[in-house]
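Chain residues, written in single-letter form:
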Amino acid sequence: MITFTNFKNGLASLCVIGVASILVGCAKSAPPPQPPVVINLNGGSGVTATPLDTAPQKGIGVSRASENISLQAPSSRPVTPAVPHYTQEQPTPVQQNPEPVRLDEASFLNTQIHEIALQLLRNFRDDAGPNGPVAVATFVDLNNLYRTSPFGRYIAEQLMGELQRAGFNVVEIRKADSIMVKPRFGEYGLSRDIQELARQSSARYILAGTYVTRGRYIMINARLVSNENNLLASSGLKILRKDPFLERLLWPSATPETVPAVRVPVKELGSLSDMKILSGS
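Residues numbered from 1 in each chain as written. Predicted model: local features only at pLDDT ≥ 70, side-chain atom pairs only at ≥ 80, totals over all residues. Heavy atoms only, no water.

**Digging into the overall build of the chain**
Thought 1: Across its full length, the chain holds four helices and 14 strands.
Thought 2: Counting only residues that meet the buried cut, the chain has 23% of its 281 residues in that class.
Thought 3: Across the chain, contacts joining residues at least 24 apart in sequence account for 57% of those joining residues at least 6 apart. (Helix = DSSP H or I, 4+ residues; strand = E, 2+ residues; numbered from the N terminus. Buried < 20%, exposed > 50% of the residue type's maximum accessible area, 1.4 Å probe, protein only. Contact = heavy atoms within 4.5 Å.)

**As for helix α2 (residues 105–122)**
In an α-helix, one turn spans 3.6 residues, which is why side chains three or four residues apart end up on the same side.
Thought 1: Across its 18 residues, α2 extends 26 Å between first and last C-alpha, which sits within 8% of the 26 Å expected from 1.5 Å per residue.
Thought 2: For α2, every residue scored as buried is listed here: L109, Q112, I113, I116, A117, Q119 and L120. The buried side chains of α2 occupy one side of the element, clustering within an arc of 155° when seen end-on.
Thought 3: Its side-chain oxygen placed 3.2 Å from the backbone nitrogen of A106, D104 serves as the N-cap of α2. (Expected span 1.5 Å × (residues − 1). Arc of directions from axis to C-beta. Polar contact = N/O pair within 3.5 Å; in protein donor to acceptor, adjacent residues only side chain to side chain.)

**Examining the pattern of salt bridges**
Side-chain pairing between opposite charges can occur once the charged atoms of the two side chains come close.
Thought 1: All chains considered together, the criterion is met by six salt bridges.
Thought 2: One salt bridge in this structure joins K238 and E115, with 2.2 Å as the shortest N-O distance. Remark: E115 occurs in helix α2 and K238 occurs in strand β13 (residues 232–241); sequence separation between them is 123 residues.
Thought 3: Taking the relative accessible area as the measure of exposure, E115 reaches 31% and is therefore partly exposed.
Thought 4: Notably, a salt bridge pairs E162 with R165, separated by 3.6 Å at the nearest N-O pair. (Salt bridge = Lys/Arg side-chain N within 4 Å of Asp/Glu carboxyl O.)

**Focus on unusual backbone geometry**
Thought 1: Of the consecutive residues W251 and P252, the connecting peptide bond is found in the cis state with omega at 0°.
Thought 2: Tracing the sequence through the fold places P252 in the loop between α4 (244–249) and β14 (266–267).
Thought 3: Its identity is not glycine, yet R184 carries a phi of approximately 65°, on the positive side.
Thought 4: Locating R184 in the fold gives a position in the loop between β8 (175–182) and β9 (186–190).
Thought 5: Despite not being glycine, N230 shows a phi value in the positive range, around 65°.
Thought 6: Tracing the backbone through its elements, the reader meets N230 in the loop between β12 (217–226) and β13.

**Some details on the pairing of β8**
Thought 1: The pairing of β8 with β9 spans four bridges and is antiparallel. Across the sheet, the residue bridging to K182 is G186, located in β9. (Pairing = 2+ DSSP bridges.)

**Topic: the environment of R204**
Thought 1: Checked against the element boundaries, R204 lands in the loop between β10 (201–202) and β11 (205–214).
Thought 2: Residue class for R204 comes out buried when judged on its relative accessible area of 18%.
Thought 3: Note: C-alpha distance between R204 and S226 (22 residues apart in sequence) is 6.0 Å.

Any functional reading would require information that these geometric values do not contain.
Next up, the structure:
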C-alpha cells in the first residue's frame, strides 16, 4: 500500500532528476568559452584586436566582465595624424586702381610745361644735334608780339631749366657783366638793364613761343628756331584750362613803350659779328 510519505518522496526524486537533465542539456548546447580580447588603440593605421593571452601586458587594463573585453590604455608616445599632400593655388591679388594724385594749380602748370619740353625733344629735327647753345626768349601774346605777362615770362623760365636738364647748352642772355651788390638788398647777377648786359651772345637756336587766350582756354606754342637759317628745329604745343592761379599770372599784361626797345644781337654760333647794341635814341 502506497502511503502519502512514499508518494511525496518519489515526486521529489522525479523533480531532482528532471532538473538535472535540463542542466545537462543546457551544458551540452552552450558554446565553448572564448578567451578575452584586447583592443589596441595605439596603432596609427586603425584599431586591432588581440586575444588576452597573447596581448602585451603593458599599460593599464580595464576589464568589462559582461563582454570579456580588456581596454588597453594609450601609449604616451604622440601619434601624428597623416596629413594629405596637396598644392593650394594662391589667389591672385586684385589690382586696385590707385587714386589719381591731385596737384595744386602751380604744380599742375609745371607738369604741363614739362610736357612741352618733352615735345620739343621728341620733335627735334636737326642734323647738327642739340649740342649748340640755346637762347630762351619770353613767351608773348600772339595778337601782339610785344605784349607779355608774368605767365609768358614764367613759361620761358621753366623751359630754360627743362632744356638744360635734357642736355641742351642753354645761354642766359640776362647775365650781367658783373655782380651788382646793394647793401641791405643782396647780390644781383641777372639784369634787364642794357648797360649791364653782355654786348652779344652766341647761340645756335632760339627758343621762342606765343600764347593766346580764348574763353576758358590758353593755347601755348613753343618752337626752337635755328639761328643759322631760321628753320624750325622743333616745336610743341599745349592747351591749358584757365583757373584762378592762371588768371592771376595773365595779369598784368604789359607792352613796352612805343620807343623801340634796346636790342641785343644774337649772332650765329662761331661767326663774327660787328653788330652793336641798338637803342631807340
